Amino acid sequence: ASLRIQIYCLKYPKLRPSFLTDKAMESAIKYINKKFPNIDFRGNIEITLEDHVYELLNTIDACQCFFNIAINFDFTKNYLDLIITYTSVIVTLSRIDDKKALVGMFNCAHEMSNGSSDPSYPRLGQMFVEYEHPWKKLTEEFGPHTRSVTAALVSLNMVYPRRNLPAEQWRSAQLLSLLSAPAAMLEPACCNTVSLPSRHLLYLSLAEGERERKGGIGFLLCHTSLNTNQASQELWKMALRSGLYLTLTRDEVLNIHKVSEDLFDCFKGYSKRIADIKECREHALVNSGAMHRERRHFLRGALKELFKVLEDEPGLLGPKALFVFMALSFSRDEVLWLVRHSENMPKIKTPDDYIDNQMAELLFYMEKLRGLMKKYNHVVQRYHVQYLAQFDALVLNDTIQNIYVCPEEESVLMSSFVSNLSALSVKQVENKEEFDFRALRLDWLRLQAYTSVNKAPLPIKDYTDLAKVMNMIQFHTRMVDSVEELLQETSEVSILCFYPRVFEKMFCQSSEEMTMKRYLMAFPLVCTHFSQCGHPICPEEVKAMEKRSLRLCVTFLEQIAKLTSTVVLEICAEQCNLNDQLQPKHCAETISAARHRKQKKPVPKKGEVQKEKPGAESLRKDRSVVTNVDKMHLMLTELCTCFSLCSDFIVFDHIIVPTEFLLSHLEIRLSEIIVRMANYNQTTQEIARPSDLLTKLRAYTASLHSLSGYINVDVTRLVKSVLLQQTQPLDSRGGPTMTTLYTNWYLESLLRQASNSLIVHCPTMHCFVNQTTDNDPSFRAEEFSDISELQALAELIGPYGLKFLSENLMWHITSQISELKKLVIENMDVLVQMKNNFDKPEEMANLKKRLTGGENVLKRMTIIGVILSFRSMAQDCLKDVMILLKHCPYLMGPIECLRDFISPEDDIKVTLSIFELASAAGYTCDIDPTLVTAIANMQTDNTSVDEEYKLSCLLLAYIAVSLPTLALDPNSLYSREHGGHNNNIHCLATAINQLAAAMFTVQNKNIAQQLKEFLLMASSTLLQLGQNVERMESKNRESIYLLLHMIVEESPFLSQDMLESCFPYVLLRNAYREVYRSFIVTLG
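Here, residues in each chain are numbered from 1, in the same order as that chain's written sequence. Restriction of local features to residues with pLDDT of at least 70 applies here, the model being predicted, together with a cutoff of 80 or more for giving and counting side-chain atom pairs; totals for whole chains, interfaces and linings are based on all residues. Side-chain numbers come from the whole structure's heavy atoms, not from hydrogens or water.

## Re the side chain of Ser565
Right, on to step 1. Working definition: helices are DSSP H or I runs of at least four residues, strands are E runs of at least two. Numbering for both runs from the N terminus. In this structure, Ser565 sits in helix 27 (residues 542-581).
Right, on to step 2. Relative accessible area decides the class of each residue, using a 1.4 Å probe on protein chains only: under 20% of the type maximum gives buried, over 50% gives exposed, and in between gives partly exposed. Since its relative accessible area comes to 0%, Ser565 is described here as buried.
Right, on to step 3. When checking whether two residues touch, look at their non-hydrogen atoms; a contact exists if any pair is within 4.5 Å. In this structure, Ser565 is in contact with Leu662, His665, Leu666 and Arg669, ignoring residues within four places of it in sequence.

## Focus on the packing of helix 25 (residues 500-511) against helix 27
Two quantities define a packed helix pair, namely the angle between the helix axes and the distance between the axes.
Right, on to step 1. Interaxial angle, 0 to 180 degrees, is taken between N-to-C directions of lines fitted to C-alpha atoms, where a helix line uses only the stretch in contact. Interhelical geometry of helix 25 versus helix 27 gives an angle of 15° and a closest axis separation of 11 Å. Classified by the angle their axes make, helix 25 and helix 27 are roughly parallel. In this structure, helix 25 crosses over helix 27, and the sense of that crossing is right-handed. Across the interface between the two elements, Pro500, Phe503, Glu504, Phe507 and Ser511 from helix 25 touch Arg551, Leu552, Phe556, Gln559, Ile560 and Leu563 from helix 27.
Right, on to step 2. Split into classes, the residues belonging to the contact of helix 25 with helix 27 amount to seven nonpolar, two polar and two charged. Oblique is the label for any angle not under 35 degrees, not over 145, and not in the 65 to 115 range, which are roughly parallel, roughly antiparallel and roughly perpendicular in turn. Definitions for this section: a left-handed crossing has its near helix turned counterclockwise from the far helix by less than a right angle. A right-handed crossing has that turn clockwise. Following the grouping adopted for this structure description, the nonpolar residues are Ala, Val, Leu, Ile, Met, Phe, Trp, Tyr, Cys and Pro, the charged ones are Asp, Glu, Lys and Arg, and the polar ones are all others, Gly among them.

## Structural notes on unusual backbone geometry
Right, on to step 1. Unlike most non-glycine residues, Arg250 shows phi in positive territory, near 55°.
Right, on to step 2. Looking at the secondary structure, you find Arg250 in the loop between strand 1 (245-249) and strand 2 (252-255).
Right, on to step 3. You can call Arg250 buried: its relative accessible area is 9%.

## A short note on the packing of aromatic side chains
Right, on to step 1. Only the six-membered ring of Trp is used, alongside the rings of Phe and Tyr, when aromatic pairs are assigned; centres must lie within 6.5 Å, and planes under 30 degrees apart are stacked while those over 60 apart are edge-to-face, with the rest tilted. Scanning the entire structure with this criterion turns up 35 aromatic pairs.
Right, on to step 2. Residues Trp236 and Phe264 carry aromatic rings whose centres are separated by 6.0 Å and whose planes lie at 50° to one another, so their mutual orientation is tilted. Taken together, the residues span a long stretch of sequence, with Trp236 in helix 14 (residues 230-242) and Phe264 in helix 15 (residues 256-264) at a distance of 28 residues. Neither residue differs from the other here; Trp236 and Phe264 are each classed as buried.
Right, on to step 3. With a centroid separation of 5.0 Å and 35° between ring planes, the pair formed by Phe264 and Tyr270 is classed as tilted. Per residue, the accessibility class of Phe264 equals that of Tyr270, and both read buried.
Right, on to step 4. In this scheme, Lys NZ or Arg CZ marks a charge over a ring once it lies within 6 Å of the ring centre and within 35 degrees of the ring normal. Directly above the aromatic system of Phe323 lies the positively charged group of Lys320, at a separation of 5.3 Å from the ring centroid.
Right, on to step 5. The side chain of Lys1005 reaches across the aromatic face of Tyr949, ending 4.9 Å from its centre.

## Let's talk about helix 4 (residues 73-94)
Right, on to step 1. With 22 residues, helix 4 extends 32 Å between its outermost C-alpha atoms, agreeing within 8% with the 32 Å of an ideal straight helix rising 1.5 Å per residue.
Right, on to step 2. Most of helix 4 sits inside the fold, with 17 of its 22 residues counted as buried. Here the expected length of a helix is defined as 1.5 Å per residue gap, with one fewer gap than residues.

## Topic: the pattern of salt bridges
Right, on to step 1. Just to be clear on terms, a salt bridge is a Lys or Arg side-chain nitrogen sitting within 4 Å of an Asp or Glu carboxyl oxygen. For the structure shown, the criterion picks out 40 salt bridges.
Right, on to step 2. The shortest N-O distance in the salt bridge between Asp356 and Arg296 comes to 2.7 Å. Pair noted here: Asp356 is in the loop between helix 17 (317-343) and helix 18 (359-375) and Arg296 is in helix 16 (residues 271-312), with a separation of 60 residues, a long-range link. Side by side, Asp356 and Arg296 carry an identical accessibility label, which is buried.
Right, on to step 3. In this structure, Asp481 and Arg441 form a salt bridge, with 3.1 Å as the shortest nitrogen-oxygen distance. In this pair, Asp481 is assigned in helix 23 (residues 464-481) and Arg441 in helix 22 (residues 438-452), connecting sequence segments 40 residues apart.
Right, on to step 4. Accessibility expressed as a relative area gives 22% for Asp481, which makes it partly exposed.

Given below as structure tokens:
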């Protein structure tokens, strides 16, 4: 078998030696092929595999060995295996195109390195030439062995017809059924009398493909018996009628009808046999597909019943273990037959016979029975240890006693059998001792060889009872020490690794059937078999096989996970739609209809369709009416059932966890759905309201949690993982998240329009509102910025998302600061003079004429104020919405205490660290740590701290002396309704306080002192504004006075006493009275 695998590997490009495709070697290879095998050689000729095989066959013939598969089973089986394996090697070798080049190049290399040709080369070269047409040569070589081969093959008559019965006869005989005879349920599977029939054992060890190979190939080698032996002819015909293709090695198949017909064409007197071949081929084409289809149909039901009974009563595995192995063997045969015929499907009228869309169920119950045998191996061991010691040993001893003449050597062997079996006890099983009966089975094979030769002192053909007893003892010993090995022999379907196209097609066909979805996990589980089909003599193929196996396994699991996740998310979408119908925004029509009824208005016309109320989908008059949701829940139940087959399994040392594939798919799809539900359109700048998205997301997560009722998966971990990714700029796959989408929208839409005063910050309602204009706004600002929406936003993107939002806001702020610094530098000389002479009205008036860009400064400061106001609203909502208090309730109190405990005298680094923690938790801080970091990052090596400090002081002076110009803007009017000015200049208070605190913190200066100087300058310039009674500048004078009060009110570093010391309070009182006078108060 190892040689056959190594030869097989030479056929595949990925496993062939690289030098065979090297262009530099092309001429040498052509020369060797042309001259092969006539290359000079020196040394003696050594014998090869061919000589060894024929020498052994000649020895067997000389001994006139007796062969009968029912008596000397191991001896006969090994003899047939030798013949078939040798033939398969020769035929496979003949199909390799590069064999001459490969052997010739090896011989040349050997001669160059050792000074002489390889001794085996001449004989091997001669063999290649002789077996150029292998079948004719093989029949010539096997001619002398016809008698032995025929005897061994004809003995298959006891097994093959029974195994080749149609499904109707299996069904009528209630094959594999434990329930057909309840009274005999505890009896051993094949033990009625002392004479133990061995046919059940033969069923296991001779798979259908093996029997067909032995029959089809064996009778080709000894074809003369077909004309002289009626039993041979019948068995040969039966093999030819079973199918069209036989397996040589893995996916290398033999078209047995074509090969037989071509071979017999070369011989005279075989016209009848050629006619038989054609008749058998037609029979196989017409009937074999349907027969095997019906067998698979029968086996699906039989395996299901067998598994259910044994799962419920695992103790029956002891007496009925043979039923399990028979069921697995029958099923394996049908799977392999379908695989090799599907790949090489002939042109027939009924191709559906070669398509099985229910293969998943058969594979599923095969895996279930395998798992049952492994799980309850101790039950099987315990039963058969007792059986061997308390029954088999006694029966064998009685059988030996009835032998009249027993040679010494045979007597010693049989006595050792009895003594070994009698020494067994249940305590060995309880103590978990290792059993090893390989020596006993080898002795039995040796005894078969001794007693099968002609004129043996103890001819086994005369003592069939002994053979039957020993055959069953051999099976019972295997039940004790090699159940895994026997499972491998009877149910291993690793050949699917070499038919990936057929395997994948089977999976696709099964996945389309609703009733098969629960069995789909059998396909990836079959990939665990593939590690068994390699061989140590050919390690180079292991990597390729591992890669192919993992690819197939992952493909199947990905498809199952995709199907399951699609159904889960469709159910979630349906639940989300139902939940959306209950939203308050949809109740307007219901309220309107109720109002119409109350006012007795005319009813709608008959043509109008009445809208159904939420919940109408749950009202059913007939339960047999199946809704789409019912179908989806049924499909989900089927798909989730398949995950229960196993929690994990191993493929080539890789641990595979199926549920992780499902969670991975759900994670990817859910992330995509969340982004899709955000409904962001970059072109039109449209986006879903945060509260709407949050409602939908809650409906999705609530529905997702129902998945835990179907399958053991951690849905909470899944949801947390997805939502945590959504708080980052990009998800795990590099895709956009709702954090990115909402950050972009608020910056590009809401705050951009707020910067142009199209949208006004409204402190009284804690939101932004649209200005009244001729053009209809693209969106209502309050619907995206009121407390409920920002709370929803905070809950959606969380602290991480708000941090990202803040960093983007800070980028816009720092760009404005850079422009402000440029304006300060342009007017530095004037600003220095104004700062020094702010209490001299005349000089200030002259200097003010030289000052440029005052409106620009205030505009940019207003933009900064708008951005900071929005950020403050979002931060407040993070705390108000109780997100952090819900997730970490014992952490919020200490954070607040730390923030309140900090004093101005503390180290600024410690202060900023605590403020950063508090800010992330949603608390307002005297100094904004994010703004401090952004300004600190603006520092360059070209400017010193003193220069930056000077620019900061002059910037405050610039703002202070420019405040009077705001009175010229008609939009500077204070609105009591909004609690601010119509051009957002009330945001200057936030901008001045936070910007000053951040800048002077970076420069390590006294914040309060600088703000006090600013207050003095601003008060002085505004008092000068009050003296210009008749000028236009005084139009909105009172509204501007209020701005000064707002600055002091919002500042943690200024007080009302400071304000009153430099600005009369009576002016503020009169200003409030003036701006409130035009406001009409309505009650009710």
